[in-house]
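# Secondary and tertiary structure notes
The lines below spell out each chain.
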Amino acid sequence: MREVDATIVRRLDSEVPLVGQVAHYIISAGGKRLRPVLLVLTCNALGCQHPQRHNLAAVVEFIHTATLLHDDVVDESTLRRGRSTANEVFGNPASVLVGDFLYSRAFQMMVESQNMRIMQVLANATNVIAEGEVLQLMNMHDASLDEAGYLRVIRSKTAKLFEASCRIAAILADSAPDLEEACAEYGQSLGTAFQVIDDVLDYDGDAAEMGKNLGDDLREGKATLPLILAMKLGTPEEAQVVRQAIETGSTTELPRIVDIVRLTGALERTRVAAAAQAERAVAAARALPTNEFTNSLIELAAQLLQRRS
């Protein structure tokens, strides 16, 4: 990962000062680097030391960072990872355009792999993520969104890049098709569990630990799984309170909604859904060679359920 971080810093270089300034601001904000970690860890699990692995790990981090820059503009977010968002510091135009720079730099770098399959996987993933973002935008303030619709968004918007990171490792390792699919399944399931737990923390987290404002999802009118299940499990009156908050984006009833989400059992049911995805990830990882790196992938899926930020 030190080599990945060095690659990230080196490839952020630009003759336009503002590009480097904004890009370094968000890249250095203390993110988990989870997607590049997955790519490198999966390579190691497969016994692959391909010289392109660090470059491609940086590529997936650039694609992810570009989506964050654009996300924060769309969501009008002011806080990420415990500090002001790039759009809050540098303004919306700079954030959008530097996000574009990171996408285009990622595509320059992926071409260096000279592997058409890898370029296909990354190009497809980037397109699916963009579709997921638009789908989420269409679903804003829609209290009728069901669990299937919710999962469709997060599998596109979040899990797709997890899946691509693990699949790329398998391609670099020249793995058999069934092993490549197991890696991709691990990534998709892990990414889905990651986002479901993220949505739990919006109603059961601590703002200082999470580094973002509690209730942000509600303010943005996002019908996440805790709210979908609360409307399903609660009384008609409770469902109406949640429905109205989603439709208006009002957080004035946030304390009551947090109580509804907890008391109806929606929060616990959401955690169970995340655990089911984590178990799928573990089952997929067991198809990989048995070694300390595969064990780390399995442990990562288990730890994900305990995350607080």
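Before reading further, recall that the structure is shown in the block above.
Scope of this entry: the structure provided in the associated data block. Note that this is a predicted model, so its numbers are computed, not measured.

### Details of the overall build of the protein chain
Counting its secondary structure elements, the protein chain contains 16 helices and two strands. For the protein chain, the spread of C-alpha atoms along the principal axes amounts to about 60 × 45 × 30 Å. Taken over 309 residues, the protein chain has a buried fraction of 58%. Taking contacts inside the protein chain between residues at least 6 apart in sequence as the whole, the part at least 24 apart equals 78%. On the protein chain, roughly 13300 Å² of surface is accessible, and the fraction owed to carbon and sulfur atoms is 52%.

### Some details on the side chain of R105
With respect to the helices, strands and loops of the structure, R105 is situated in helix α6 (residues 92-111). Of the side chains bearing the opposite charge, D13 lies closest to the buried R105, which forms no salt bridge; the N-O distance is 6.6 Å. Within the structure, the side chain of R105 is placed 3.2 Å from the backbone oxygen of D13, a separation counted as a polar contact. R105 has contacts with R11, L12, D13 and F62, leaving out every residue within four places of it along the chain.

### Quick notes on the packing of helix α3 (residues 34-45) against helix α16 (residues 292-304)
With their axes 8 Å apart at the nearest point, α3 and α16 run at an angle of 145° to one another. Contacts between α3 and α16 pair L34, L38, L41, T42, N44 and A45 from the former with F293, T294, S296, L297 and L300 from the latter. Tallied by class, residues from the contact of α3 with α16 come to seven nonpolar, four polar and no charged.

### A closer look at empty space enclosed by the protein
A full pass over the atoms with the stated rule returns one cavity of 30 Å³ or more. Considering only enclosed or pocket space, the largest cavity measures out at about 50 Å³ in volume. Contributing to the lining of the largest cavity are Y25, I26, A29, D72, R80, R81, R83, S84, T85 and A86. Among the elements of the structure, α2 (17-27) and β2 (83-84) are those that each provide at least two residues to the lining of the largest cavity. By residue class, the composition of the lining of the largest cavity is four nonpolar, two polar and four charged.

### Examining the nonpolar core
Counting residues in each nonpolar core, the largest one holds 44 residues, and the members touching the most others are L56, I63, L122 and I168. Where this core is concerned, the elements lending two or more residues are α1 (2-11), α2, α3, α4 (53-75), α6, α7 (116-139) and α8 (147-172). Per element, the largest residue contribution to this core is ten residues, and it comes from α4. Ignoring anything within four residues of it in the chain, the contact list for I168 reads L39, L56, V60, I118, V121 and L122.

### A look at the state of the cysteines
Inspection of every chain in the model, using the stated rule, returns zero disulfides. C48 takes part in no disulfide bond, and the closest cysteine sulfur, belonging to C43, lies 4.2 Å away. Here C183 is not cross-linked by a disulfide; its sulfur's nearest cysteine counterpart is in C166, at 6.6 Å.

### Digging into α16
Compared with an ideal rise of 1.5 Å per residue, which puts 13 residues at 18 Å, α16 spans 18 Å between its outermost C-alpha atoms and is within 8% of the ideal. When α16 is considered as a whole, its buried residues turn out to be T294, L297, I298, L300, A301 and L304. Taken end-on, α16 shows its buried residues confined to a sector of 150°, consistent with a single buried face. Against α3, α9 (177-204) and α15 (266-285) lie the buried residues of α16.

So, how was this worked out
- Residues numbered from 1 in each chain as written.
- Predicted model: local features only at pLDDT ≥ 70, side-chain atom pairs only at ≥ 80, totals over all residues.
- Heavy atoms only, no water.
- Helix = DSSP H or I, 4+ residues; strand = E, 2+ residues; numbered from the N terminus.
- Buried < 20%, exposed > 50% of the residue type's maximum accessible area, 1.4 Å probe, protein only.
- Contact = heavy atoms within 4.5 Å.
- Areas by Shrake-Rupley, 256 points an atom, 1.4 Å probe, with all protein chains shown as cover.
- Lys, Arg positive; Asp, Glu negative; His and termini not counted.
- Salt bridge = Lys/Arg side-chain N within 4 Å of Asp/Glu carboxyl O.
- Polar contact = N/O pair within 3.5 Å; in protein donor to acceptor, adjacent residues only side chain to side chain.
- Axes fitted to C-alpha atoms, helices over the stretch in contact; angles between N-to-C directions.
- Nonpolar A, V, L, I, M, F, W, Y, C, P; charged D, E, K, R; others polar.
- 1 Å grid on protein atoms, 1.4 Å probe; cavity = no way out; pocket = protein on both sides within 12 Å on 5 of 7 lines; lining within 4 Å.
- Points joined across faces, edges and corners; volume = space filled by probe spheres on them.
- Core = buried A, V, L, I, M, F, W, Y, C linked by side-chain atoms within 4.5 Å.
- Disulfide = S-S within 2.5 Å.
- Expected span 1.5 Å × (residues − 1).
- Arc of directions from axis to C-beta.

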